[in-house]
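Examination of the molecular architecture
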Amino acid sequence: MFPQRFDSIPVYPFSSGSPVNKADAAGHIHPKLKWLMFARLIFTIFLLGSTLYLQYQSKEPSISAFITILYLLIAVIFFLSLLYAMMFDRIERHWLFAFIQIALDSFIVSMIVLITGGFFSIFSFLYLVIVIYASMILYLRGGIALAVLCGLQYAAIVFLQLVDVAESVGINDGAALHQIGYLQIILKVGITTIACFAVAVLSGLLTEQNRKTQSDLRAMEMHVKRVEKMAYMGEMAAGLAHEIKNPLASVVGCIQLLKEELRYDPDHQRLMEIVLRETDRLGHLVNEFLLFARPPAGKPELLNVKQAIEEIVGLFEKDTNYSHRFTLKKEIIADATILMDTGHLRQVLWNLLLNAAEALQGEGTIEITAIPDSNDEVSIHVRDNGCGMTPETIQKIFDPFFTTKSEGTGLGLSIVHRILEAYDSRLDVQSQPEHGTTFSFSLKRSDKVKV
Ligand code: ADP
């Protein structure tokens, strides 16, 4: 993309950027699900041990039905665990897979509650355990879904006991329940359900908070690493670029002289054209490299966001190399002012728009939005519905020289990164292969005066 980039634009001495790939939840669910499956296995082995001990200790015939059901449950859990293990790497819808596992766990818990006394069972607390790990694995939404499921199952168990169905199949004795008032029954079922909800909300919120903190930390860590790497590469690059620039200027000068003075020969002319074209290309590359390596300080001035963006976008729309490819949508609500060098803003937006246009497969849409946020900043997004990127590509896009384009230099985003850092801003990216990409950054508003 370098031939069209503004290489004359001054850039600030430092920059920003960080690919906060909002890692999809699947990535988080997978390892947790492994732990759950392992914990379930340990629990089942423990249950098997306890059942064997119970069988050995008690010779009462009345308990044998109970033990048979326990063995049946243990067999079911082992079978399900085996099934889950076999399906683990093949299933792509991790959330659903985890939800089904936990929902089945809740049915097993219901069976345990049913055979150990239903309403009187001391194992009803297991519902809370289910809801806690549901919230930890499936976050707030999953936790609440499981709380509903557990509440319903507990109510159903008590109902079955009340209408003597449980007793009629010999699972437990419902007689004791008839001694208790309806109010007390409703109260206990209600409290158990509310407890499930409360636990779901609390642990769900905690887990969400934890996820956000971890992802912020990861983003910050990547950001710091990237800044260090860029500063180091910048130092090396600056020296190298200067070394290349001077001999390159001599080569161009000599060829131009030769071109004028040599007798006309079409073959020589063609060769000299090639030399000039390639040195020109090299010159662009060196300029870009310098822009990234030692970005010149700009002159920050008060800019009206709406005006400035519309001007840049207007220019970009007129660029005939790309204008036929896209429909551009604008939503610039931020009629605010920022303190920024015009050239810097132009460079940042131009590079992002250019990448967006190049990402389009055939024709597509590019959307640019500038919206004020609650932190007295203007949030700017450049969105395209182009080819998108895989998580592996996203990890590398801010590395200088990383490119997937045959004509690319891999410096565009590094330059944007460095410019934005001078304004304490960070470039975030969200992308999905075949669905498109959104680059976002925020700029501090210098005031809130409506123009
Ligand atoms: P270049 O454009 O010269 O390759 P950049 O630093 O601008 O260098 O971009 C690096 C790489 O990031 C690109 O080669 C491309 O793979 C990826 N990329 C950047 N923007 C987008 C986008 N909007 N959609 C898809 N891929 C993108």
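Let me sum up the structure you'll find in this document. (Residues numbered from 1 in each chain as written. Predicted model: local features only at pLDDT ≥ 70, side-chain atom pairs only at ≥ 80, totals over all residues. Heavy atoms only, no water.)

**Considerations on the overall build of the protein chain**
Each helix and strand counted, the protein chain has twelve helices and seven strands in total. Of all 451 residues assigned to the protein chain, the portion counted as buried reaches 43%. Partitioning the contacts of the protein chain with sequence separation of at least 6, the portion at a separation of at least 24 is 78%. On the protein chain, roughly 23,900 Å² of surface is accessible, and the fraction owed to carbon and sulfur atoms is 64%. (Helix = DSSP H or I, 4+ residues; strand = E, 2+ residues; numbered from the N terminus. Buried < 20%, exposed > 50% of the residue type's maximum accessible area, 1.4 Å probe, protein only. Contact = heavy atoms within 4.5 Å. Areas by Shrake-Rupley, 256 points an atom, 1.4 Å probe, with all protein chains shown as cover.)

**Let's talk about a nonpolar patch on the surface**
Together, Phe79, Leu82, Leu83, Met86 and Met87 make up an exposed nonpolar region whose accessible area comes to about 470 Å². Turning to its location among the elements, methionine 87 is positioned in helix α2 (residues 62-87). (Patch = residues over 30% accessible without salt bridge, like charges linked within 9 Å, V, L, I, M, F, W, Y side chains within 5 Å. Salt bridge = Lys/Arg side-chain N within 4 Å of Asp/Glu carboxyl O.)

**Brief notes about the state of the cysteines**
If you walk through the whole model with that rule in mind, you get zero disulfides. Distance from the sulfur of cysteine 196, which forms no disulfide, to the nearest cysteine sulfur (cysteine 150) is 5.2 Å. Owing to a relative accessible area of 1%, cysteine 196 belongs among the buried residues under this scheme. (Disulfide = S-S within 2.5 Å.)

**Overview of unusual backbone geometry**
With phi around 60 degrees, tyrosine 139 is a residue other than glycine that occupies positive phi space. Relative to the helices and strands, tyrosine 139 is located in helix α4 (residues 126-162). Note on tyrosine 139: relative accessible area 5%, which makes it buried.

**Focus: the environment of leucine 328**
Tracing the backbone shows leucine 328 in strand β2 (residues 326-332). By relative accessible area, which is 14% here, leucine 328 ends up buried. Placed 55 residues apart in sequence, leucine 328 and arginine 383 show a C-alpha to C-alpha distance of 10.0 Å. Those residues in contact with leucine 328 that sit more than four places away from it in its chain are Val313, Glu317, Leu353, Ile366 and Ile368.

**Some points on the pattern of salt bridges**
Where side chains of opposite charge bring their charged atoms close, a pairing between them can arise. For the structure shown, the criterion picks out eleven salt bridges. Close ionic contact of arginine 40 with aspartate 105 constitutes a salt bridge, the shortest N to O distance being 2.8 Å. Here the residue arginine 40 occupies a position in helix α1 (residues 25-57), and aspartate 105 occupies one in helix α3 (residues 94-115), the gap between them amounting to 65 residues. Between arginine 277 and glutamate 278 there is a salt bridge; the shortest N-O distance is 3.7 Å. For arginine 277, a relative accessible area of 54% corresponds to the exposed category. The network of salt bridges with common partners includes Arg277, Glu278, Arg281 and Glu407.

**A short note on the packing of α3 against α4**
Following both chains from N to C, one finds α3 and α4 inclined at 35 degrees, their axes separated by 9 Å at the closest point. In this structure, the crossing between α3 and α4 has a hand that is right-handed. Looking at side-chain class alone, the contact of α3 with α4 contains 22 nonpolar, four polar and two charged residues. (Axes fitted to C-alpha atoms, helices over the stretch in contact; angles between N-to-C directions. Left-handed = near helix turned anticlockwise from the far one by under 90°. Nonpolar A, V, L, I, M, F, W, Y, C, P; charged D, E, K, R; others polar.)

**Quick notes on the environment of arginine 418**
With respect to the secondary-structure elements, arginine 418 resides in helix α12 (residues 412-422). Separated by 188 residues in the primary sequence, arginine 418 and methionine 230 have C-alpha atoms spaced 8.3 Å apart.

**Concerning the packing of helix α9 (residues 305-318) against helix α10 (residues 342-359)**
It is at 10 Å that the axes of α9 and α10 come closest, and there the two elements cross at 45 degrees. The orientation of α9 relative to α10 falls into the category oblique. Relative to α10, α9 is oriented so that their crossing is right-handed. Contact residues: Ala308, Ile309, Ile312, Val313, Leu315 and Phe316 in α9; Leu345, Arg346, Leu349, Trp350, Leu353, Leu354 and Ala357 in α10. (Parallel < 35°, antiparallel > 145°, perpendicular 65-115°, else oblique.)

**Side note on the packing of aromatic side chains**
The full count for this structure, using the stated rule, is eight aromatic pairs. On the basis of an interplanar angle of 85 degrees and a centroid distance of 6.0 Å, the ring pair of tyrosine 84 and phenylalanine 97 is categorised as edge-to-face. Residue tyrosine 84 is located in helix α2, and its partner phenylalanine 97 is located in helix α3; the two are separated by 13 residues in the primary sequence. Both residues of the pair, tyrosine 84 and phenylalanine 97, belong to the buried class. Summarising the aromatic geometry, the rings of tryptophan 95 and phenylalanine 99 are spaced 5.6 Å apart at their centres and angled 5 degrees between planes, so their arrangement reads as stacked. Here phenylalanine 99 and tryptophan 95 lie together in helix α3, a separation of four residues that amounts to about one turn. For tryptophan 95, a relative accessible area of 28% corresponds to the partly exposed category. Assessed through its relative accessible area of 21%, phenylalanine 99 is described here as partly exposed. (Phe/Tyr/Trp six-rings, centres within 6.5 Å; stacked < 30°, edge-to-face > 60°.)

Everything listed is a geometric property; what it means functionally is a separate question.
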